[in-house]
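# Structural characterization, general
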Amino acid sequence: MTASPMVVTRFAPSPSGHLHVGGARTALFCWAYAKGRGGSFTLRIEDTDQKRSSDAASIGFAKDLKWLGIDWDEGPEYEGSGGGPRGPYFQSERLPIYRRHLDRLIAAGNAYYAFETAEELTALREAAKAKGVPFRYKGEIARARSVEEIAALRAAGAPSVIRFHTRAGPITIEDEVLGTAVIPDGETDDFVIQKADGFPTYHFAVVVDDELMGVTHVLRAQEHFNNTAKHIVLQDALGFRRPTYGHLPLIVNPDGSKMSKRDKDKVLRKAIAERALTSPPVGTVDPATFAAWLKDKTIQLPPEVTTRLATLLGVTLPEINVDDFRRSGYLPEVLCNFLSLNGWSPGGDLEKFDNEFLREHFDLARVLKTPAKFDRAKLLAFNLHAISAMTREAFVTRAAAHGQAFHAGFMAKLTVAQFRSLCDASHERSKTLDDLFRSNTFITTADDDLVLDPKAVKKVLEGGSPCGYDILRGARAVLAPLADWTVGGLEGVLKPHAESAVGGSLGSLAQPLRVALCGSTVSPPIFDTLAILGRESSLARIDRCLAQSGVVA
Ligand code: GLU
């Protein structure tokens, strides 16, 4: 009896842009499927599209996978993961390997050099259109050339591609998720397997690598289902084994549209329309680009411009990539849990589980065929639940790590004790690790840029008896000479001052200070707020506020 081969799955991203949540879900399922069966999980970087690939994107993908807790056994070496006997794991470094297999195909008459020009192909496409039949190029022009002609063209350095000679006959795809599909005869053309730049196409590289890397199970997005027909004919011509296929449902927006970067542009266009902005905020894009983008919904702004505009307009962009979710303060374990439920479920009512559970229970039988709708409200509820279940220490540690990664300027302004007190004040109501930073932007805003909430000004500063401005003026008088500007020192002068000025109500004293210092009526405890800002900023903000009122400090 021969032992069945060890399960090997792979995640094979093309390194352009960032890791999309759909890609992360594919990686997670591949990882869980292999690891739950004592198998091995490979990461392979499909960078054969030289124009679109970048090293930065490859590193970004590796970093995002690591953050999610998805470790690869074989693949690029990164922070203790990867390496392995079947590398290199970047397709751009495997060109001699592809060459060997291309030569085999050519020698066996299963592939050929093709020199058609774009014009020749267009003419054929037009002719098919005129006849009302779909265009499937079967190498008519290329295969009419003699061996001598081809040799002469190659010797002259004429640009060429290599095409696969697809034989007649239907192609059957067995899929563990979608079932069996038969692609009728004539649907598959003589597709390109080596591009004019000498790089293999995706179809060719994927087939060679899956074989040489021992991949037994190909789990990937449903958008690749039609490609599988090409992969099968190539496997047969090369004498390769057929992996088991499982095509995973797409993750879509609740309205069924694709979750893509366009969603961010859409939110921004709406915010701009609401504010009736006709020119771009300073330091974002040039007016012509801005105008063209506003008009043409298919145009997308570069990611850094999108982020900058969102910050300036104070809008939250929908998260699309793993890195967006990380930035927004989602916990990786929550994101994995939630992504697992997009296209799979463990059965019963169970919804909250970790990667260990997924690895033990994930199977293809329970993978859905239909698209999974991404429910942001549910994800947020999961995140809130996980954050509130954390111990105080865990929250401080994780919020600090998030702060160091995304809010270094903020963190630099606080002592450890101050940060802990901010955490204590925000823990209970934090839906994400970012909430604490978002609700305390007064800490990093320049004194002169602080915007006071008009409602708070009216209610707290202009109203009351004595009015808030008077209370603020009195507080300033006792704060100005204070030498010990610490929580203890501040408490030492403000508490007795509250007794004499506002009948002992610390709240009545704190609210006008809050509006002056933070712009709103919500802030950490007032002594902490003053201590965090420091003497200079605190007094400057109080003075600015009093000056705005026309009351002299
Ligand atoms: N490189 C392909 C992609 O990023 C993956 C294809 C596959 O898994 O076969 O979509």
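One can find the structure itself at the top, above this paragraph.
Summarised in this report is the structure supplied together with it. (Residues numbered from 1 in each chain as written. Predicted model: local features only at pLDDT ≥ 70, side-chain atom pairs only at ≥ 80, totals over all residues. Heavy atoms only, no water.)

What follows deals with the site of the ligand. Taken together, Arg10, Ala12, Pro13, Ser14, Glu46, Tyr202, Val206, Arg220 and His224 make up all the residues around the ligand. Within the side chain of Arg220, an N or O atom sits 2.8 Å from an oxygen atom of the ligand. His224 places a polar side-chain atom, nitrogen or oxygen, 2.9 Å from an oxygen atom of the ligand. Protein contact buries 81% of the 300 Å² of open area that the ligand shows by itself. (Near = heavy atom within 4 Å. Polar contact = N/O pair within 3.5 Å; in protein donor to acceptor, adjacent residues only side chain to side chain. Areas by Shrake-Rupley, 256 points an atom, 1.4 Å probe, with all protein chains shown as cover.)

Each neighbour pair has its own omega, and for Gly87 with Pro88 the value is -5°, a cis peptide bond. Tracing the backbone through its elements, the reader meets Pro88 in the loop between strand E4 (81-83) and helix H3 (95-107). For the peptide bond that leads from Ser465 to Pro466, omega is 0°, which places it in the cis range. Of note, Pro466 is situated in the loop between helix H20 (454-462) and helix H21 (468-479). Backbone geometry places Ala276, a non-glycine residue, at a positive phi of 50°. Mapped onto the elements, Ala276 comes out in the loop between helix H9 (262-274) and helix H10 (287-295). (Helix = DSSP H or I, 4+ residues; strand = E, 2+ residues; numbered from the N terminus.)

Now for the nonpolar core. One finds Phe362, Phe374, Phe419, Leu436, Leu479 and Leu513 to be the most contacted residues of the largest nonpolar core, which totals 100 residues. The contacts of Phe362, once residues within four sequence positions are left out, are Phe29, Ala32, Tyr33, Arg37, Trp344 and Val367. Among the nonpolar cores identified, the runner-up in size contains 28 residues, and Phe115, Phe164, Ile171 and Ala229 belong to it. (Core = buried A, V, L, I, M, F, W, Y, C linked by side-chain atoms within 4.5 Å. Buried < 20%, exposed > 50% of the residue type's maximum accessible area, 1.4 Å probe, protein only. Contact = heavy atoms within 4.5 Å.)

Burial of the side chains of strand E7 (residues 171-175) is restricted to one face: Ile171, Ile173 and Asp175 are buried, whereas none of Thr172 and Glu174 on the reverse face is. Of the strand pairs in this sheet, E7 and strand E8 (residues 179-183) are connected by 5 bridges, and their pairing is antiparallel. Its bridge partner lying in E8, Thr172 is registered against Val182. Counted along the chain from E7 to the antiparallel partner E8, the turn is 3 residues long. (Pairing = 2+ DSSP bridges.)

Tallied over the full model, the rule gives 14 aromatic pairs. Seen in terms of ring centroids, Phe338 and Phe374 are 5.0 Å apart; in terms of plane orientation they differ by 85°. Their pairing is edge-to-face. With Phe338 in helix H13 (residues 332-340) and Phe374 in the loop between strand E13 (372-373) and helix H15 (376-388), this residue pair connects regions lying 36 residues apart in the sequence. Accessibility classification places Phe338 together with Phe374 in one group, the buried group. In this arrangement the basic side chain of Arg37 is found over the ring face of Tyr33, its NZ or CZ atom lying 3.8 Å from the centre. Between Lys352 and the ring centre of Phe382, over which it is positioned, the NZ or CZ distance is 4.8 Å. (Phe/Tyr/Trp six-rings, centres within 6.5 Å; stacked < 30°, edge-to-face > 60°. Lys NZ or Arg CZ within 6 Å of the ring centre and 35° of its normal.)

Fair warning: the whole summary comes from geometry, so function is off the table for now.
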